[in-house]
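Reading the structure
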Amino acid sequence: MADSSFDIVSKVERQEVDNALNQASREISQRYDFKNVGASIEWSGERIEMRANSEERVKAILDVFQSKLVKRGISLKALDAGEPQASGKEYKIFASLQEGISQDNAKKVAKIIRDEGPKGVKAQVQGEELRVTSKSRDDLQSVIALLKGKDLDFAIQFVNYR
């Protein structure tokens, strides 16, 4: 019988992020505490740009956006938001989405699987993802449970389970 496998990836559904951004923008335009402060959130190339006239307001915009992401099932670990920067009379925060698993993070995950996972489970790095193989599907299930229990500093998803 052939080995069973699955891939560990770090991807973000761009459409869901877009929907969360639109919802946050709508809420910001309607909320009383954001009236007449120049508050906005929008795409700026590949980054998300948040603007307001004070540091507290721009942090509140980030908070609204994060709550919309959580409601849409997107991990906040995939959002890399910078610190508020003064730009003239307004403050800005730039946030980017992290996709793909770096080589260092892939090696960390492979080491966790090797050290704490069931025997006979192999993990190999393939570009920005990690392929996990085993003869037993139960072993693969226990690897998924093990990784979900770990507090990794990046978002992971499990795909192509065969």
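This section reports on the structure supplied with the text. (Residues numbered from 1 in each chain as written. Predicted model: local features only at pLDDT ≥ 70, side-chain atom pairs only at ≥ 80, totals over all residues. Heavy atoms only, no water.)

1. Comments concerning the overall build of the protein
Here is the rule we go by: Note on conventions: DSSP H or I runs of at least 4 residues are helices, E runs of at least 2 residues are strands, and numbering of each starts at the N terminus. Restricting the calculation to C-alpha atoms gives the radius of gyration, and the globule rule supplies 2.2 Å times the number of residues raised to the power 0.38. Two residue types count as positive, namely Lys and Arg, and two as negative, namely Asp and Glu; His and chain ends fall outside the count. The atom standing in for a charge is NZ when the residue is Lys, CZ when it is Arg, CG when it is Asp and CD when it is Glu.
Looking only at helices and strands, the protein has four helices and nine strands in total. Along the chain direction, N to C, the helices and strands of the protein fall in the order β-α-β-β-α-β-β-β-α-β-β-α-β. The globule rule puts the C-alpha radius of gyration for 162 residues at 15 Å, and the 20 Å found for the protein is more than 25% above it. Projected onto the principal axes, the alpha-carbon positions of the protein cover approximately 65 × 25 × 25 Å. Taking the average location of the 27 positive side-chain charges in the protein and that of its 26 negative ones, the two points are 2 Å from each other.

2. A word on helix α4 (residues 137-149)
Test applied: To estimate how far a helix should reach, multiply one less than its number of residues by 1.5 Å. Only protein chains enter the accessibility calculation, which uses a 1.4 Å probe; a residue whose area is less than 20% of its type maximum is buried, one above 50% is exposed, and one in between is partly exposed. Comment: arc refers to directions from the helix axis out to C-beta atoms. Contacts are residue-level and defined by heavy atoms, with any inter-residue pair within 4.5 Å sufficient. N or O atoms within 3.5 Å of each other form a polar contact, as long as, within protein, one can give a hydrogen and the other can take it, and as long as residues adjacent in sequence are counted only when both atoms are side-chain atoms.
End to end, α4 covers 19 Å across 13 residues, agreeing with the expected 18 Å (1.5 Å per residue, within 8%). Among the residues of α4, those classed as buried are Leu-140, Val-143, Ile-144, Leu-146 and Leu-147. Each buried residue of α4 sits inside an arc of 160 degrees when the element is viewed along its axis, so together they form one side. Away from its buried face by more than 90 degrees, α4 exposes Asp-138, Lys-148 and Gly-149. Each element contacted by the buried residues of α4 is listed here: β1 (4-9), α3 (103-116), β8 (129-134) and β9 (157-159). The distance from a side-chain oxygen at the start of α4 to the backbone nitrogen of Asp-138 is 3.2 Å, and the residue carrying that oxygen is Ser-136.

3. Overview of the nonpolar core
Defined as follows: To qualify as a nonpolar core, a set must consist of buried Ala, Val, Leu, Ile, Met, Phe, Trp, Tyr and Cys residues joined through side-chain atoms within 4.5 Å.
Ile-41, Ile-48, Met-50, Ile-61 and Phe-65 are the most contacted members of the largest nonpolar core, which has 25 residues in total. Elements represented by at least two residues in this core include exactly α1 (14-30), β3 (47-52), α2 (55-71) and β6 (90-97). Of the residues forming this core, the biggest block, six residues, is contributed by α2. Contact partners of Ile-61, with chain neighbours within four places excluded, come to Ile-28, Phe-34, Ala-39, Ser-40, Ile-41, Met-50, Arg-51 and Ala-52. By size, the runner-up hydrophobic cluster in this structure holds 18 residues, among which are Ile-112, Val-132, Leu-152 and Phe-154.

4. A short note on the pattern of salt bridges
Here is the rule we go by: Each salt bridge in this description consists of a side-chain nitrogen of Lys or Arg and a carboxyl oxygen of Asp or Glu lying within 4 Å of one another.
As enumerated under the stated definition, the model contains 15 salt bridges in all. The partner of Asp-3 in a salt bridge is Lys-135, and the shortest N-O contact between them spans 3.3 Å. A residue pair is termed long-range when its members are at least 10 positions apart, and Asp-3 in the segment before β1 and Lys-135 in the loop between β8 and α4 qualify at 132 residues. With a relative accessible area of 38%, Asp-3 lands in the partly exposed category. Assessed through its relative accessible area of 63%, Lys-135 is described here as exposed. Between Arg-72 and Glu-16 there is a salt bridge, with the nearest N and O atoms lying 2.7 Å from each other. Taken together, the residues Arg-72 in the loop between α2 and β4 (79-81) and Glu-16 in helix α1 connect sequence positions 56 residues apart. Here Arg-72 falls in the partly exposed class, since its relative accessible area comes to 31%. Taken together, the salt bridges that share partners define one network made up of Glu-42, Glu-49, Arg-51, Glu-90 and Lys-92.

All quantities given are derived from atomic positions and should not be read as evidence of function.
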